[in-house]
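Notes for the structure review
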Amino acid sequence: MELFTYSYCFYDLVIGMAIKEGIRLLKVNQYYDPSLKQNRVDIYYGEKDKEISALFTFLEEKHKMVGTFEGKEKRFSPYDVFYFEAIEKKCFAYLEKEVYQVEGSLQSLEEQYACIGFVRINKSMVLNILKIDELKACINMKTQAFLENGEVVIINRSYKKSFAKRLLEFKQGGLAV
């Protein structure tokens, strides 16, 4: 394992704000460990000051999605999405009680969010496995997925094998991309 240590001013490097008097430098340690199965970042702090709060805000906002409904835009986390669905060449993100049209193809959304639990379950849908409450086998070799919001979606038999593989990866402690 290799260790790299350096300090930088968070505002100057990450957000691009001017360095202000009295801002502490953050110490950043980078560890290279080829045996890790999944990358990780840990943040240690003694007090949640403006600098640490700005770091959390930056990290949260970087991963927000933008969706539209009736001409209004809304930002939300992909972790809040139950599934993406393609209808007539448009993609929609289904949240607990809301639906938003989002940019991108179903394939690009699947690839972008595979690392946080999204997997293709049929030709027009990518499901967040973290939102599944229960799975139930159907007679026709399909599987019903009962979601936390009460919806039921169908996992087609042609996607069942890749779905089962991703579910097993998740149960074993992480998602491999």
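Above this note sits the structure.
Description of the structure in this document. In this convention, every chain numbers its residues from 1, walking through the sequence in written order. It should be noted that, the model being predicted, local features are given only for residues of pLDDT at least 70 and side-chain atom pairs only at 80 or more, the latter also being counted only at that level, while totals for whole chains, interfaces and linings use all residues. As a rule here, side-chain values come from all non-hydrogen atoms in the structure, and water together with hydrogens is ignored.

A few points about unusual backbone geometry
Although it is not a glycine, Lys89 sits at a positive phi angle of roughly 65 degrees. Inspection of the secondary structure assignment puts Lys89 in the loop between strand E5 (83-87) and strand E6 (90-94). Positioned with a positive phi, Met141 is a non-glycine residue whose angle comes to about 70 degrees. With respect to the helices and strands, the residue Met141 is situated in the loop between strand E10 (132-137) and strand E11 (143-147). Working definition: helices are DSSP H or I runs of at least four residues, strands are E runs of at least two. Numbering for both runs from the N terminus.

With respect to the sheet that holds E5
DSSP calls a pair of strands paired once it identifies at least 2 bridges connecting them. Strands sit in the order E4-E3-E7-E6-E5-E9-E8 across an open sheet of seven strands; the sheet is antiparallel. Only two strands of the sheet have a single partner each, and these edge strands are strand E4 (72-76) and strand E8 (118-122). Pairs of neighbouring strands in the sheet enclose a mean axial angle of 35 degrees, with direction left out of account. As judged from the four bridges shared by E8 and strand E9 (residues 125-128), these two strands associate in the antiparallel manner. In the sheet register, Val119 faces E9, and the bridge partner there is Leu127. Working convention: axes come from line fits to C-alpha atoms, limited for helices to the stretch in contact. Angles between N-to-C directions cover 0 to 180 degrees.

What about helix H4 (residues 157-171)?
The periodicity of an α-helix, 3.6 residues per turn, causes residues three or four positions apart to be oriented the same way. Given a rise of 1.5 Å per residue, 15 residues ought to cover 21 Å, and the 21 Å separating the end C-alpha atoms of H4 matches this to within 8%. Listing the buried residues of H4 in full gives Phe163, Arg166, Leu167 and Glu169. The contact definition used throughout considers only heavy atoms, calling two residues in contact when any of these lie within 4.5 Å. Where H4 is buried, its residues touch E8, E9, E10 and strand E12 (152-155). Between the first and last residue of a helix there are one fewer steps than residues, each counted as 1.5 Å, and that sum is the expected span. Accessible area is worked out with a 1.4 Å probe on protein chains only. A residue is then buried under 20% of its type maximum, exposed over 50%, and partly exposed in between.

Comments concerning the nonpolar core
Taken as a class, soluble globular proteins show a tendency for nonpolar side chains to be buried jointly. Tyr83, Ile121, Leu127, Leu147, Val153 and Phe163 are the most contacted members of the largest nonpolar core, which has 16 residues in total. Contributions of two or more residues to this core are made by E6, E8, E9, E11, E12 and H4. Here Ile121 is in contact with Leu127, Val153, Ile154, Ile155, Asn156, Tyr159 and Phe163, once residues within four sequence places are set aside. Throughout, nonpolar core names a set of buried Ala, Val, Leu, Ile, Met, Phe, Trp, Tyr and Cys residues whose side chains join them through atoms within 4.5 Å. Judged by nonpolar contacts, the second largest core, of 15 residues, contains Phe84, Cys91, Tyr113 and Val126.

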